[in-house]
Amino acid sequence: TQLLEQSPQFLSIQEGENLTVYCNSSSVFSSLQWYRQEPGEGPVLLVTVVTGGEVKKLKRLTFQFGDARKDSSLHITAAQPGDTGLYLCAGAKGNYQLIWGAGTKLIIKP
Amino acid sequence: ETGVTQTPRHLVMGMTNKKSLKCEQHLGHNAMYWYKQSAKKPLELMFVYNFKEQTENNSVPSRFSPECPNSSHLFLHLHTLQPEDSALYLCASSQRLAGAYEQYFGPGTRLTVT
């Protein structure tokens, strides 16, 4: 069974704090995607990382793909209430199916 | 309408009912997907269609029956469901059938089976 483990499962912090969520696997992926899902909506793609060691920035969000392409992290600087949501990672293994993590539920309190 | 739409947004049905979920994508994509999302579990891929042809059925019980009349529309027909089938059902589309392509999701149908 191919698994993507996300941690933590739940995180509640104050506005302005920094945080990191992780996505780990024993499998190698050709690429990895991060999505954010807000209540009542479907997931929306934030970023795709392809190269081992790659770092991508999206405003206050920094995404990193592990050197071995088995893991990834999402770091948020100075979190804001608008960052609240369910963060999902999904790994691609060359065919069309994505391997999904169970998600990190993030709550940013004003 | 833009993006991916799903109707109804909420559905409550008894175990003996028959209902259908509808998905429509306005993106000109060729691949469409049905996913089941349960709390604290990874998204479960149920069905995949590529150019209207079903390419994947991930061991989904026969009480779920998909239909794809054209590349823009996808249905999920439901009958004699079980309470454990209660979940958020998400439809998605992508330009091509490949994992690296971005999947665009609809808002989902929240299904409750009583």
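This one's a predicted model, so the numbers in the text were calculated from it and none came from an experiment. (Residues numbered from 1 in each chain as written. Chains lettered and ligands numbered in written order. Predicted model: local features only at pLDDT ≥ 70, side-chain atom pairs only at ≥ 80, totals over all residues. Heavy atoms only, no water.)

## Points about the sheet that holds strand β3 (residues 18–25) of chain B
Residue and element names in this part refer to chain B. Taking strand neighbours across the sheet as the criterion, the four strands line up as β1-β3-β8-β7 in an open arrangement whose pairing is antiparallel. Edge strands, defined here as strands with exactly one partner in the open sheet, are β1 (4–7) and β7 (64–70). Going across the sheet, the axis of each strand differs from the next one's by a mean of 15 degrees, ignoring polarity. Pairing of β3 with strand β8 (residues 73–79) involves seven bridges; the strand directions are antiparallel. For Ser20, the partnering residue across the bridge sits in β8 and is His77. (Pairing = 2+ DSSP bridges. Helix = DSSP H or I, 4+ residues; strand = E, 2+ residues; numbered from the N terminus. Axes fitted to C-alpha atoms, helices over the stretch in contact; angles between N-to-C directions.)

## Here's the deal with the pairing of strand β2 (residues 10–13) of chain B
Residues and elements named next belong to chain B. In β2, alternate side chains face the same way, and those of Leu11 and Met13 are buried while those of His10 and Val12 on the opposite face are not. For β2 and strand β11 (residues 109–113), the ladder comprises four bridges, and the chain directions are parallel. Within the sheet, the bridge partner assigned to His10 lies in β11 and is Arg110. (Buried < 20%, exposed > 50% of the residue type's maximum accessible area, 1.4 Å probe, protein only.)

## Some thoughts on the interface of chain A and chain B
At the interface, 19 residues of chain A touch 24 residues of chain B. When chain A packs against chain B, close to 1,600 Å² is buried across both sides, 54% of that on carbon and sulfur atoms. Across the chain A-chain B interface, the total number found is zero salt bridges. Put simply, chain A and chain B have four residue pairs in polar contact (both at pLDDT 80 or more) between them. Secondary-structure elements contributing two or more residues to the side of chain A that touches chain B are β4 (31–37), β9 (85–92) and β10 (98–100) of chain A. Broken down by element, the side of chain A that touches chain B gets its largest block of residues, four residues, from β4(A). For the side of chain A that touches chain B, the class distribution of residues is 10 nonpolar, eight polar and one charged. (Contact = heavy atoms within 4.5 Å. Buried area = accessible area lost by both parts, 1.4 Å probe. Salt bridge = Lys/Arg side-chain N within 4 Å of Asp/Glu carboxyl O. Polar contact = N/O pair within 3.5 Å; in protein donor to acceptor, adjacent residues only side chain to side chain. Nonpolar A, V, L, I, M, F, W, Y, C, P; charged D, E, K, R; others polar.)

## Focus: the environment of Thr55(B)
Considering the arrangement of structural elements, one finds Thr55(B) in strand β6 (residues 53–57). On a C-alpha basis, the gap between Thr55(B) and Thr114(B) in space is 31 Å, while along the polypeptide they are 59 residues apart. With residues near it in sequence (within four places) discarded, Thr55(B) still touches Tyr96(A), Val48(B), Tyr49(B), Asn50(B) and Leu97(B).

## Let's talk about the packing of aromatic side chains
Any two aromatic rings considered together are summarised by their centre-to-centre distance and by the angle between their planes. Tallied over the full model, the rule gives eight aromatic pairs over all chains. Ring centres of Trp100(A) and Phe105(B) lie 5.9 Å apart, and the angle between their planes is 80 degrees; this geometry places the pair in the edge-to-face category. Of this pair, Trp100(A) sits in strand β10 while Phe105(B) sits in strand β10 (residues 104–105), each in a different chain. Where Tyr35(B) meets Phe105(B), the ring centres are 5.5 Å apart and the plane angle is 40 degrees; that geometry is what we call tilted. With Tyr35(B) in strand β4 (residues 31–37) and Phe105(B) in strand β10, the pair connects residues that are 70 residues apart, well separated along the chain. Per residue, the accessibility class of Tyr35(B) equals that of Phe105(B), and both read buried. One aromatic cluster is present, built from ring pairs that chain together Tyr35(A), Trp100(A), Tyr33(B), Tyr35(B) and Phe105(B). (Phe/Tyr/Trp six-rings, centres within 6.5 Å; stacked < 30°, edge-to-face > 60°.)

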